[in-house]
Amino acid sequence: MFVSRSMTEKVITVRKETSLLEAQDLMNKHQIRHLPVVDDDNILVGIITDRDIRGALPYRLVKEQPESEERAKYAHLKVETYMTDKPATISPEHTLQDALLLIQEKRMGAFPVVDRDGRLKGIISVRDLLRAFINVLGIGEPGTLLCILAEEKVGQLKRIVDVITEEKISCGSVLVARYFEKDKRAVFPYLLTNNVMRVKQRLRDLGFEILDPMQWYLDQLPKPAPPEA
Amino acid sequence: MKRTGFLYDQRYLLHDTGPYHPERSERLQAIYQGIESAGLLPHLTRITARPADMQWVETIHTEKYIRRFEEVCLSGHRTLDCEDNQMCRETYETALLAVGGTLEAARMIMAGELDNAFCAIRPPGHHAEREEAMGFCYFNNVAIAARYLQMQWNIQRVGIVDFDVHHGNGTQHIFEKDPTVFYYSIHEHPSFAYPGTGREFEMGSGEGYGFTKNSPVLPGQSDEDYRRLFEQDLLPAFEKFVPEVIIVSTGFDAHKEDDMADMRVTTEGFAWIMRSIMKLADTYAQGRLLSVLEGGYALDRLPELAADHVRIMLDA
């Protein structure tokens, strides 16, 4: 669950002196939106994004295949002028949860990953995080999602997991979510099996309610206001 | 009335998955009993099961996998590749018999001895990948039948309709690059149901792009949703593809009383589904239709579902 395990290590970088057009070509070629800017010692000095470049160039040069003469007029523009200095960074020892919260808070699509000396070690993007969480949820493997309604008291999850274990079923992930009824929790184990009939029956026998997952979802939606009397 | 074949063999009961497993021999007995007590047997042509010729199995599965399956089974191991796939010593032979019976049904249709056929077989097949057993499936019966039709009978375009509540990952993957086999599946949405594939954006790849179509259905949905998706997704696709033969992966587990999944299709809903597939077969494929059993675990409902299925195939 650490950034170092999920980041992209082979980072495409540019220098302050790199021309803006070259940076744009690099982004197009590698289909990326963020280029960390580093110095000779691989110390991070900034980041330039496709949005920075779109802001600097006329629309024709961004969207259309430009004439080379037209492009030449902008060849003197340097990354340095348009990059973000001292961008927000994250360290390889941070967790994926840190990265998620940071991306939400800073409204950024990617973070350069730097060590304590400020050296660039990688980059972690929304795309990397998606991959990591697909892995965490276990949904890359075949399985079935159950939705179990449990009372909010100590030991409920253990009872559920015990049944799953006794049935020799592997668990891809377990999510626990709020339910609209107070003192209830919806538990979603993702079971790596097709064989769910017996485990469902045993959970019912223990007094758990097996919900249609859509029912849980619909109950989360705001209820329409009652009609005026 | 159509000439409808019926494949059922006592030996399909020998595949023993142990206690508590939903894919059990009682399923087939319920299906047979339903067809028998509806008085349909005299109208059906019985098909004899025999072990499949290895040359056909090898069109889909690698020799390595076939050998492995045989060895693991005969050595007395109870599972293959995953806990889901419970076996006994007879499982390998039974699986070969399931493929062989399905191919015999296909042969009789192509030879003009039958219009269509229902193969009540075990073990099922649509989750089986080229080299991996999955979700109670070992050999992909339907995929092997599709290749057999192409290679032995020179059929150019095979259309597969899979209405089992689970996505047929094996069948999709085997044909995803192949524009000569159209795979259509309607199933419970993969975020909720096994095996977690069959999303709308899975449409095949390379030359086969556009020859795979998936209609995932959210939990709790019913007949109207199936009807809407069939009309919106399957009918136009087959109108364009024009299949010469239709193979159906028949699963009854979307039934509202089936606890394996969360759909609420009624017995009447299943009848509508089968009638509309029959119409497709009559329109494009000279009525040639091969229905092959996949899932369906509500033992109390299987008799009526199977009887309706066969009655519709008989067009009676």
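Computed from a prediction, not measured in an experiment: that's the story for all the values here.

Section: the overall build of chain A
1) Next: On a plain count of helices and strands, chain A comes out with 11 helices and 10 strands.
2) Next: Since a compact globule built from 229 residues should have a radius of gyration of about 17 Å, the 25 Å found for chain A marks it as more spread out than a globular shape.
3) Next: Viewed in the frame of its principal axes, chain A has a C-alpha envelope of about 75 × 55 × 30 Å.
4) Next: Here chain A holds 229 residues, and 40% of them are scored as buried.
5) Next: When the accessible area of chain A is evaluated, it comes to approximately 14000 Å², of which 50% is carbon and sulfur surface.
6) Next: In chain A, the 34 positive side-chain charges and the 34 negative ones have mean positions that sit 3 Å from each other.

What about the sheet that holds strand 8 (residues 212-217) of chain B?
Pairing between the strands of a sheet is mediated by backbone hydrogen bonds and can be parallel or antiparallel.
All names here are of chain B.
1) Next: The strand order across the open sheet formed by eight strands is 2-1-5-10-9-6-7-8, and the pairing between neighbours is parallel. Two strands bound the open sheet, and with one partner strand each, they are strand 2 (44-47) and strand 8. Strand-to-strand twist across the sheet, computed as the mean angle between neighbouring axes with direction ignored, equals 15 degrees.
2) Next: For strand 1 (residues 4-7) and strand 5 (residues 116-119), the ladder comprises four bridges, and the chain directions are parallel. Its bridge partner lying in strand 5, glycine 5 is registered against alanine 117.
3) Next: On top of the sheet, helix 1 (residues 25-37) reaches strand 1, strand 2, strand 5 and strand 10 (289-293); it is set at about 135 degrees to strand 10, its chief contact.

Some thoughts on the pairing of strand 7 (residues 148-151) of chain A
Residues and elements named next belong to chain A.
1) Next: By the bridge criterion, four bridges tie strand 7 to strand 9 (residues 184-191) in an arrangement that is antiparallel. Residue pairing across strands places leucine 149 opposite alanine 186, the latter belonging to strand 9.
2) Next: Sheet topology places strand 7 next to strand 10 (residues 209-210); two bridges connect them, and they run antiparallel. In the sheet register, isoleucine 148 faces strand 10, and the bridge partner there is isoleucine 210.

Re the confidence of the model for chain A
1) Next: Predicted confidence across chain A gives a mean pLDDT of 88, with 93% of residues reaching 70 or more.
2) Next: Looking across chain A, the model is least confident in helix 11 (residues 213-220) of chain A, with a mean pLDDT of 70, and most confident in strand 1 (residues 34-38) of chain A, with 97.

Overview of the state of the cysteines
Covalent bonding between the sulfur atoms of two cysteines is what defines a disulfide.
Residue and element names in this part refer to chain B.
1) Next: If you walk through the whole model with that rule in mind, you get zero disulfides over all chains.
2) Next: Summary of cysteine pairing: cysteine 73 is not part of a disulfide, and the nearest cysteine sulfur, belonging to cysteine 88, is at 6.5 Å.
3) Next: Distance from the sulfur of cysteine 137, which forms no disulfide, to the nearest cysteine sulfur (cysteine 82) is 11 Å.

Let's talk about the packing of helix 1 of chain B against helix 9 (residues 302-314) of chain B
Residue and element names in this part refer to chain B.
1) Next: Two numbers describe how helix 1 lies on helix 9: the axes approach to 7 Å, and their chain directions differ by 55 degrees. In terms of their interaxial angle, helix 1 and helix 9 are classed as oblique. Where helix 1 crosses over helix 9, the two elements pack in a sense that is right-handed. On helix 9, the residues touching Arg27, Ala30, Ile31, Gln33, Gly34 and Ile35 of helix 1 are Leu302, Pro303, Ala306, Ala307 and Val310.

Rules of the game
Residues numbered from 1 in each chain as written. Chains lettered and ligands numbered in written order. Predicted model: local features only at pLDDT ≥ 70, side-chain atom pairs only at ≥ 80, totals over all residues. Heavy atoms only, no water. Helix = DSSP H or I, 4+ residues; strand = E, 2+ residues; numbered from the N terminus. Rg over C-alpha atoms; globule rule 2.2 N^0.38 Å. Buried < 20%, exposed > 50% of the residue type's maximum accessible area, 1.4 Å probe, protein only. Areas by Shrake-Rupley, 256 points an atom, 1.4 Å probe, with all protein chains shown as cover. Lys, Arg positive; Asp, Glu negative; His and termini not counted. Charge placed at Lys NZ, Arg CZ, Asp CG, Glu CD. Pairing = 2+ DSSP bridges. Axes fitted to C-alpha atoms, helices over the stretch in contact; angles between N-to-C directions. Contact = heavy atoms within 4.5 Å. pLDDT = per-residue confidence, 0-100. Disulfide = S-S within 2.5 Å. Parallel < 35°, antiparallel > 145°, perpendicular 65-115°, else oblique. Left-handed = near helix turned anticlockwise from the far one by under 90°.

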